[in-house]
Amino acid sequence: MIIGTAIVKIHIPWAHSLKEKRMLVKSICAKVRNKFNVSIAEIEDQDKHQMIVIGFATVAGDMAQCDSIIDHVLNFIESNTEGEIIEIVREVI
């Protein structure tokens, strides 16, 4: 069993309130969860309205499948978010 995790930091300069940010975070998390069946949540900076930090995890049978799932989720987040991805931290155990 292989466990893969990733942390994605996204800067959204147009967000002027936590309400705007939370709407975007909920939308991203719901879409990713439904499409890829991974565990995903906002994990840091909940009180900063222009920064999103999302973490997700997946379990797979082998390393290649785990890397593939992480790549697909990251590509999906990048293509469905207008914000700038600042940092991505990946770990596969």
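Here's a quick rundown of the structure. Numbering of residues starts from 1 in every chain and runs along the sequence as written. In view of the model being predicted, local features appear only for residues whose pLDDT reaches at least 70, and side-chain atom pairs are presented and counted only at 80 or more, with totals across whole chains, interfaces and linings using the full set of residues. With hydrogens and water set aside, each side-chain value is computed from the structure's full complement of heavy atoms.

1. Structural notes on unusual backbone geometry
- Its identity is not glycine, yet Asn 37 carries a phi of approximately 55 degrees, on the positive side.
- A helix here means a DSSP run of H or I that spans at least four residues, while a strand means a run of E at least two residues long, and both kinds are numbered starting from the N terminus. The residue Asn 37 is located in the loop between α1 (18-36) and β2 (39-44) in this model.
- Exposure classes here rest on a 1.4 Å probe applied to the protein chains alone. A residue is buried below 20% of its type maximum, exposed above 50%, and partly exposed in between. Assessed through its relative accessible area of 71%, Asn 37 is described here as exposed.

2. Observations regarding the nonpolar core
- To qualify as a nonpolar core, a set must consist of buried Ala, Val, Leu, Ile, Met, Phe, Trp, Tyr and Cys residues joined through side-chain atoms within 4.5 Å. One finds Val 32, Phe 56, Val 73 and Ile 77 to be the most contacted residues of the largest nonpolar core, which totals 23 residues.
- When contributions to this core are tallied by element, the ones reaching two or more residues are β1 (2-11), α1, β3 (51-60) and α2 (63-79).
- Ranked by residues supplied to this core, first place goes to α2 with seven residues.

3. Concerning the side chain of Thr 81
- For Thr 81, the position within the fold is in the loop between α2 and β4 (84-92).
- Residue classification places Thr 81 among the buried positions, given a relative accessible area of 10%.
- N or O atoms within 3.5 Å of each other form a polar contact, as long as, within protein, one can give a hydrogen and the other can take it, and as long as residues adjacent in sequence are counted only when both atoms are side-chain atoms. Among the polar contacts made by the side chain of Thr 81, one reaches the main-chain carbonyl oxygen of Ile 77 at a distance of 2.7 Å.
- Two residues qualify as a contact provided that any one of their heavy atoms is within 4.5 Å of a heavy atom in the partner residue. Non-local contacts of Thr 81, meaning those with residues more than four positions away in its chain, are made with Ile 10 and Ile 28.

4. Some remarks on the sheet that holds β1
- Here a strand pair is declared whenever DSSP counts at least two bridges between the two strands. If you walk across this open sheet you meet the four strands as β2-β3-β1-β4, and the pairing is antiparallel. Two strands in the sheet have a free side with no partner beyond their single neighbour: β2 and β4. Pairs of neighbouring strands in the sheet enclose a mean axial angle of 20 degrees, with direction left out of account.
- Working convention: axes come from line fits to C-alpha atoms, limited for helices to the stretch in contact. Angles between N-to-C directions cover 0 to 180 degrees. This element, α1, spans β2 and β3 of the sheet and lies at about 155 degrees to β2.

Everything listed is a geometric property; what it means functionally is a separate question.
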